[in-house]
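The chain contents come next:
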Amino acid sequence: MGLSADRTRPARSPTRVIKASPDGIKDVTTPLSDADVESLKSGDRVRITGTLYTGRDAAHARFLPLMDEDKPLPFDVRGQIIYYTGPSPARPGMVIGSVGPTTGSRMDKYAPKLLALGLKGMMGKGSRSMEVRAALRKYKGVYFGAVGGAGAVLSRYVRKVEIVAYEDLGTEAIRRMEVEGFPAIVVNDCHGNDLYQEGMKAYAR
Amino acid sequence: MREIHVSAISDAVKKLCMDANWDLGTDMLRAFDRALTTERSPAGKQVLEMLKDNAQMARTQKIPYCQDTGFVVCFVELGQNVHITGGLLTDAINTGVSQGYTEGYLRASIVKSPFDRKNTGDNTPAVIHVDVVPGEHLKIMVMAKGGGCENRSKYKMLTPADGLDGVKDWILECIRTAGPDACPPLIAGVGVGGTFEKAAILSKKALFREIGSSNPDPAVDAIEKDVLERANRLGIGPQGYGGDTTAFAVHIVTYPCHITSLPVAVTIECHAHRHKEVTL
Ligand code: SF4
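Computed from a predicted structure; not experimentally measured.

Caption draft 1: Layout of the overall build of chain B. Looking only at helices and strands, chain B has eight helices and 10 strands in total. Taken against the 2.2 N^0.38 rule, which gives 19 Å for 280 residues, the C-alpha radius of gyration of chain B at 19 Å falls within 12% of a compact globule. In terms of overall dimensions, chain B has a C-alpha envelope of 55 × 50 × 40 Å along the principal axes. Within chain B, buried positions represent 51% of all 280 residues. For chain B, restricting intrachain contacts to residue pairs at least 6 apart in sequence, the fraction spanning at least 24 positions comes to 81%.

Caption draft 2: How the structure looks around the domain arrangement of chain B. Residues and elements named next belong to chain B. Considered domain by domain, chain B is made up of domain 1 (2-21 + 65-145) and domain 2 (148-272). Placing the centre of domain 1 and that of domain 2 at their C-alpha centroids yields a distance of 26 Å. Taken together, the elements giving at least two residues each to the side of domain 1 that touches domain 2 come down to strand 2 (71-79) and strand 5 (138-145). Split into classes, the residues belonging to the side of domain 1 that touches domain 2 amount to six nonpolar, one polar and two charged.

Caption draft 3: Molecular detail of the sheet that holds strand 2 of chain B. All names here are of chain B. An order of 4-2-5-10 is seen for the four strands of this open sheet, with the pairing classed as mixed. Only two strands of the sheet have a single partner each, and these edge strands are strand 4 (127-133) and strand 10 (274-279). Geometrically, the sheet is characterised by an average inter-axis angle of 10° between neighbouring strands, direction not taken into account. Sheet strands in contact with helix 1 (residues 6-22) are strand 2, strand 5 and strand 10, and its direction is about 40° off that of strand 5.

Caption draft 4: Structural context of the interface of chain A and chain B. The interface is formed by 38 residues belonging to chain A together with 41 residues belonging to chain B. Elements with a minimum of two residues in the side of chain A that touches chain B: helix 5 (151-154) and helix 6 (195-203) of chain A. Per element, the largest residue contribution to the side of chain A that touches chain B is eight residues, and it comes from helix 6 of chain A. Per-class residue counts for the side of chain A that touches chain B are 14 nonpolar, 19 polar and five charged.

Caption draft 5: Up close: the packing of helix 2 (residues 26-38) of chain B against helix 3 (residues 42-61) of chain B. Residue and element names in this part refer to chain B. Packing of helix 2 against helix 3 brings their axes to within 10 Å, and their N-to-C directions diverge by 155°. Classed by the angle they form, the pair helix 2 and helix 3 counts as roughly antiparallel. Here helix 2 and helix 3 pass one another in a crossing that is left-handed. On helix 3, the residues that touch L29, F32, A35 and L36 of helix 2 are K45, L48, L51, K52 and A55. Split by residue class, the contact of helix 2 with helix 3 holds seven nonpolar, no polar and two charged.

Caption draft 6: Region of the structure containing the sheet that holds strand 9 (residues 262-269) of chain B. Residues and elements named next belong to chain B. Strand order in this open sheet of four strands is 6-9-7-8, and the pairing throughout is mixed. Of all strands in the sheet, those with a lone pairing partner are strand 6 (154-158) and strand 8 (247-255), marking the two edges. Sheet twist, expressed as the mean angle between neighbouring strand axes with direction ignored, is 15°. Judged from the eight bridges that link them, strand 7 (residues 186-193) and strand 8 form a sheet pairing that is parallel. For I187, the partnering residue across the bridge sits in strand 8 and is A249.

Caption draft 7: Seen up close, helix 7 (residues 196-205) of chain B. Among the residues of helix 7 of chain B, those classed as buried are A199, I201, L202, S203, K204 and K205 of chain B. Looking at the buried positions of helix 7 of chain B, the neighbouring elements they touch are strand 2, strand 4, strand 6, strand 7, strand 8 and strand 9 of chain B.

Caption draft 8: Seen up close, the environment of T171 of chain A. Relative to the elements of secondary structure, T171 of chain A occurs in the loop between strand 6 (158-165) and strand 7 (174-188). Take T171 of chain A: there are 21 C-beta atoms within 10 Å of it, and that puts it in the buried class. Beyond its immediate chain neighbours, meaning those up to four positions away, T171 of chain A contacts G86 and P87 of chain A together with R107 of chain B.

Caption draft 9: Structural view of the environment of L262 of chain B. Looking at the secondary structure, you find L262 of chain B in strand 9. Ignoring sequence-local partners within four residues, the contact set of L262 of chain B consists of L158, T159, P160, D162 and C257 of chain B.

Caption draft 10: Looking closely at the nonpolar core. Residue and element names in this part refer to chain B. Grouped together as the largest cluster of nonpolar side chains are 139 residues, with contacts concentrated most on C17, I171 and A188. Counting contributing residues per domain, this core is built from domain 1 (2-21 + 65-145) and domain 2 (148-272), each supplying no fewer than three. Not counting residues within four places of it along the chain, the set of residues in contact with A188 comprises I171, C174, I175, A247, V250, V266 and I268.

Caption draft 11: Quick look at unusual backbone geometry. A cis amide bond, omega -5°, links T30 of chain A with the succeeding residue P31 of chain A. Among the secondary structure elements, P31 of chain A is positioned in the loop between strand 1 (26-29) and helix 1 (34-38). At the junction of P184 of chain B and P185 of chain B, the peptide bond is cis and its omega measures out at 5° in the coordinates. Relative to the assigned elements, P185 of chain B resides in the loop between helix 6 (163-178) and strand 7. Here the phi dihedral of K140 of chain A falls at roughly 60°; this positive angle occurs in a residue that is not glycine. Summarising the element assignment, K140 of chain A is placed in the loop between helix 4 (130-139) and strand 5 (142-145).

Caption draft 12: Just the confidence of the model for chain A, in detail. Overall, the predicted model of chain A reaches an average pLDDT of 93, with 92% of residues at or above 70. Considering only residues more than four positions removed or in separate chains, one finds that residues 1-11 of chain A, a stretch of pLDDT under 50, has 15 contacts.

Caption draft 13: Representation of the pairing of strand 2 (residues 45-54) of chain A within the structure. Residues and elements named next belong to chain A. Pairing geometry for strand 1 and strand 2, over four bridges, is parallel. When the sheet's bridge partners are listed, V28 is paired in strand 2 with I48. Note: strand 2 against strand 7, nine bridges, orientation antiparallel. Looking at the pairing, G50 lines up with V179 of strand 7.

About the cut-offs
Residues numbered from 1 in each chain as written. Chains lettered and ligands numbered in written order. Predicted model: local features only at pLDDT ≥ 70, side-chain atom pairs only at ≥ 80, totals over all residues. Helix = DSSP H or I, 4+ residues; strand = E, 2+ residues; numbered from the N terminus. Rg over C-alpha atoms; globule rule 2.2 N^0.38 Å. Buried ≥ 20, exposed ≤ 12 C-beta atoms within 10 Å, placed from the backbone. Contact = placed C-beta atoms within 7 Å. Domains from an automatic or database assignment. Nonpolar A, V, L, I, M, F, W, Y, C, P; charged D, E, K, R; others polar. Pairing = 2+ DSSP bridges. Axes fitted to C-alpha atoms, helices over the stretch in contact; angles between N-to-C directions. Parallel < 35°, antiparallel > 145°, perpendicular 65-115°, else oblique. Left-handed = near helix turned anticlockwise from the far one by under 90°. Core = buried A, V, L, I, M, F, W, Y, C linked by C-beta atoms within 7 Å. pLDDT = per-residue confidence, 0-100.

Next comes the structure, spelled out in structure tokens:
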């Protein structure tokens, strides 16, 4: 793999299990370990604190040749969450503009390769392919859903933003976002479950 | 003959673009409240509450309701006794879009060519439809159309034998396949009749009608209500997390059609249903 293996990672107890807080919501902190991922189930409400990397269509398209040639990506994906979003510009004095999720399926082509490199989480909206869901099981990953079209409210949870790479892509550049208590739900877990299918089954009349 | 200067058109469009993105219509806010009284799913209710909160925050802080601030689709009714001075109508509209998106901190989401995919930087150009109508007024209707839901819009050429049942099933199929990807609760704009392009344009225009209002044609109104009721039995729910509120409305506009055809276009619109209009 092109990723430098010598980069150190904060130590994580491999047995740590994420439990729900008294309000029923699970607090998730990044980076994620396999044990973290295993303790998340589809339908779990979560609050994410830590780092999210933003990336969508154009950034992923640039990852592809790098991954094919075993070259390093602009950031170390191991243990991280990629948030599929293209924020609107920040007003002066604001951290960020509106920052809701975009459709995850457009990144299906790239996701299994990133999961193989150690990416642990993805966040977006909408269904993922069977290939991506199989890769979540195989490499222990999780797909979170953020509320699409709630971009103004979601901006409240973003503390800091910096561009990491591909500034020329504008809204599609890769940004490192520090978030606190970012609300999401587990759509696809590493056990093969899918919230969309289960939800639809439960409420179809 | 009444004269309208292009600067008045640009100023109007600029304001419409900003207002559309910051200020979700009261008909949508009422739709959220109505849905909260019928939605059984706790996750669905949480989503609806968050959307209300989102609309409130967008309006008060002038942050776009959704970061995808859309493709500007502009319907213009141009009175035939109006003379536009100082330049071209389309240029005036695009100037307004550029100013609105730049000065309003709205996202630039348009690429110049579908193949090279370089961003134009100011969300221009708009998609503009002009109808020449009697009179001395200029009506401008602007919609900020989201990409995620637009990607789930569909067209089908049915046959006369497919009939009304075929049309209903097709609309429902479009809502079902849009699913969680298009940010439900959805609105389906439907154009039935005309030709291939006419049906598609009507499906957009249908979205401008007030949410919760009845179709002026009682027969078509009954069709809309039937399809909406069936859509909300699909179980998709807010954001696709499961629930009773999959769609807020189905709006149908019809047009005469050829003896061989039954064209049906369905524009899928999300809850970020952002549109404003003004008459100059
Ligand atoms: S589908 Fe609508 S609400 Fe969802 S991200 Fe796109 S514009 Fe926003």
